[in-house]
Amino acid sequence: MRRHDLVIMANRLPMRRSGRASGGWERSPGGLVTALHPVLRTREGLWIGWDGTSGRASRTIEHDGLQMKPVALATRDIDAFYHGFCNRTIWPLFHDAIRPAEFNPRWWEAYHRVNERFAKAAARQVARNRAVWIHDFHLLLVPQMLRATRPDLRIGLFLHIPFPPEEIFARVPWRASLLHGMIGADVVGFQTWKDAQNFSRASRHLADAEGTDSNLTFHGHKVRVNSFPISIDAKEMETLAARPSVQKRAVEIKSRLGNRRILLGVDRLDYTKGIEARLVAFERLLETHQASSDRCVLVQVAVPSRETVPEYEQTRTRIEEIVGRINGEFSHPGSVAVHYFRRNLGREELAAWYLAADVMVVTPLCDGMNLVAKEYVSSRVDGGGALVLSEFAGAAQELRQAIIVNPYDIDGMAAGIRRALHLPRSEQRFRMSILRMVVRRHDVQEWSGTFLGALERA
Ligand code: ADQ
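Only a predicted model underlies this, so the values are computations on that prediction, with no experimental measurement involved. (Residues numbered from 1 in each chain as written. Predicted model: local features only at pLDDT ≥ 70, side-chain atom pairs only at ≥ 80, totals over all residues. Heavy atoms only, no water.)

Chemist: How should I be thinking about the nonpolar core in this particular structure?
Modeler: Side chains of a nonpolar character, in soluble globular proteins, are inclined to be buried together. Met9, Tyr111, Phe118, Phe163 and Phe199 are the most contacted members of the largest nonpolar core, which totals 68 residues. Taken domain by domain, this core gets at least three of its residues from each of domain 1 (4-230 + 445-457) and domain 2 (234-441). Once residues lying within four places of it in the same chain are set aside, the contact partners of Phe118 are Met9, Ala10, Asn11, Ile48, Gly49, Trp50, Val71, Leu73, Leu139 and Val142. Ranked by size, the runner-up nonpolar core spans 67 residues in total, among them Ala250, Ile253, Leu387 and Leu452. (Core = buried A, V, L, I, M, F, W, Y, C linked by side-chain atoms within 4.5 Å. Buried < 20%, exposed > 50% of the residue type's maximum accessible area, 1.4 Å probe, protein only. Domains from an automatic or database assignment. Contact = heavy atoms within 4.5 Å.)

Dropping the structure here:
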């Protein structure tokens, strides 16, 4: 069997089976895949992940320049591991507990079992002394498990979501085991320095690690802790947005919406993304006559996500209620106040919407980074547009020329949106040019290069 120089591990494979698309595979949606696809294609690596089905694992697959090794999960594990521990324990807890986290020992056992399965799969696939880069909150125990059987490897872990303050993290009954799992890595990376600090403090206080916020030691093993803010393939986005077909589509979108000013939201339908608050802020503008549906329209595109989790169902219902309420009150024939689409847009269509949007409204209550904000900026090859961005998105640390808002402050957010709508043209272009420069300089290639460089040196 061929062993690989670089193995990426993530819960999901970057492709999923499809009846329609090329060769029965299509690219999966989501931030992680968007970020890592270009990295693996250029380095001859292997991606280990779950293919979204239950049953037996298949052989290594090659598609679109990517080698992929599916890991098989049993049906009962999918439920307890993925829907349970990942989505109902870690996700809410790590996002500041904005929804209550549930602690179920059966889910924890499944999480442990699945992590073991991933660690075993990786141990077989990596060449001696080479590197494994583990991604995200589904696989936090893998670093330690892998180190136990393959101490020769360099092991990196990157967390795509925030790491909560110690007092929130401390609620997890299995907190020390989770931390020990992560500490098994040589490099542990986070989106922001705050996340890194939260992790190091929790490790010192709850898991007997020693050291500073950036260098921890645990039983003689040294761990580097740092922030590595993720980004996008800026060139790809710019090229896409410059296509005549995309530009034409943007003009068509504007004209179909009556050439009104377009406010745009694009998100996974998730309670962390602040979609409800954004709608209510727009409603506030309409109520107070600071905006009118004759002159502007809010378009919300939300891709369905985790629909089996009750909180997501409730979020969807609430969003649909608010949209109905606003439209009932403020729409007129030919000028609907809010257009709401529950669907996944293709990359070209997405770029056209970004280009058409006068104001992009990105208002998560809590978000590791938020790639939508960076995609928007990058797609504005015309230098136009304005970005309203929540201070609780990791991206706000870098995109300082955005109009920064607190999504818990509805009046403040409404004022931010209004300000974005009325920015003098020169200021708007100035802000956008700086935002674009930041994203172009710190793109996904830089991100992966920096992380892998840190792993080499570890
Ligand atoms: P996500 O929570 O999935 O990612 P985000 O960073 O916003 O969030 O990325 C979403 C991706 O999905 C973007 O590439 C976007 O274009 C795409 N997308 C969203 N809605 C879409 C729609 N309706 N149609 C088509 N495409 C859509 C997690 C963390 C983030 C972190 C990323 C990467 O929660 O904080 O930025 O990982 O680390």
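Continuing now.
Chemist: How do you make sense of the site of the ligand when you look at a structure like this?
Modeler: The environment of the ligand is made up of 26 residues, and the closest members are His160, Leu345, Asp367, Leu371 and Glu375. A distance of 2.9 Å separates a nitrogen atom of the ligand from a polar backbone atom of Arg343. Within the side chain of Glu375, a nitrogen or oxygen atom sits 2.6 Å from an oxygen atom of the ligand. Taken by itself the ligand offers 720 Å² of open surface, and the protein chains cover 95% of this. Those elements that provide at least two residues to the shell around the ligand are α1 (31-42), β13 (261-268), β14 (296-303), α12 (347-356) and α13 (371-379). The residue makeup of the shell around the ligand, split by class, is 11 nonpolar, eight polar and seven charged. Structurally, the shell around the ligand is a two-domain feature, drawing no fewer than three residues from each of domain 1 (4-230 + 445-457) and domain 2 (234-441). (Near = heavy atom within 4 Å. Polar contact = N/O pair within 3.5 Å; in protein donor to acceptor, adjacent residues only side chain to side chain. Areas by Shrake-Rupley, 256 points an atom, 1.4 Å probe, with all protein chains shown as cover. Helix = DSSP H or I, 4+ residues; strand = E, 2+ residues; numbered from the N terminus. Nonpolar A, V, L, I, M, F, W, Y, C, P; charged D, E, K, R; others polar.)

Chemist: In this structure, what is going on with the sheet that holds β14? I would like to understand it.
Modeler: Paired through backbone hydrogen bonds, the strands of a sheet run either parallel or antiparallel to each other. Ordered by their spatial adjacency, six strands build an open sheet running β15-β14-β13-β16-β17-β18, and the pairing between neighbours is parallel. Of all the strands in the sheet, the pair left with one neighbour each is β15 (338-341) and β18 (403-405). For this sheet the average axis-to-axis angle between neighbouring strands, irrespective of direction, equals 20 degrees. By the bridge criterion, two bridges tie β13 to strand β16 (residues 359-362) in an arrangement that is parallel. Paired with Leu264 across the strands is Met360, a residue of β16. (Pairing = 2+ DSSP bridges. Axes fitted to C-alpha atoms, helices over the stretch in contact; angles between N-to-C directions.)

Chemist: Any chance you could explain the pattern of salt bridges here in plain terms?
Modeler: Side chains that differ in sign of charge can pair as their charged atoms come close. The final tally for this structure, using the stated rule, is 31 salt bridges. Residue Arg204 pairs with Asp213 through a salt bridge whose shortest N-O separation is 3.0 Å. The exposure class of Arg204 is partly exposed, given its relative accessible area of 23%. Classification of Asp213 as buried rests on a relative accessible area of 14%. (Salt bridge = Lys/Arg side-chain N within 4 Å of Asp/Glu carboxyl O.)

Chemist: Looking at this structure, I do not really get unusual backbone geometry. What am I missing?
Modeler: Glycine aside, residues mostly have negative phi, and peptide bonds are mostly found in the trans state. Despite not being glycine, Asp96 shows a phi value in the positive range, around 60 degrees. A residue is classified by how much of its surface remains accessible, and Asp96, at 37% relative accessible area, is partly exposed. In this structure, Asp136 takes a positive phi of about 75 degrees despite not being glycine. Of note, Asp136 is situated in the loop between β7 (126-135) and α4 (142-149).

Chemist: Teacher, can you tell me more about the pairing of β7 here?
Modeler: Regular strands place side chains that alternate from one sheet face to the opposite one. Judged by how many residues are buried, β7 sits mostly within the fold: seven of 10 residues are covered. Where strand β1 (residues 4-12) meets β7, five bridges bridge the pair, whose relative direction is parallel. Looking at β7, one finds that Met9 is bridged to Ile134. Bridge count between β7 and strand β8 (residues 154-158): five bridges; the pairing is parallel. Bridge assignment links Val132 to a residue of β8, and that residue is Ile155. In this region the chain leaves β7, passes through α4 and returns to the parallel neighbour β8; the handedness of that crossover is right-handed. (Right-handed = clockwise from strand over helix to strand, strands pointing away.)

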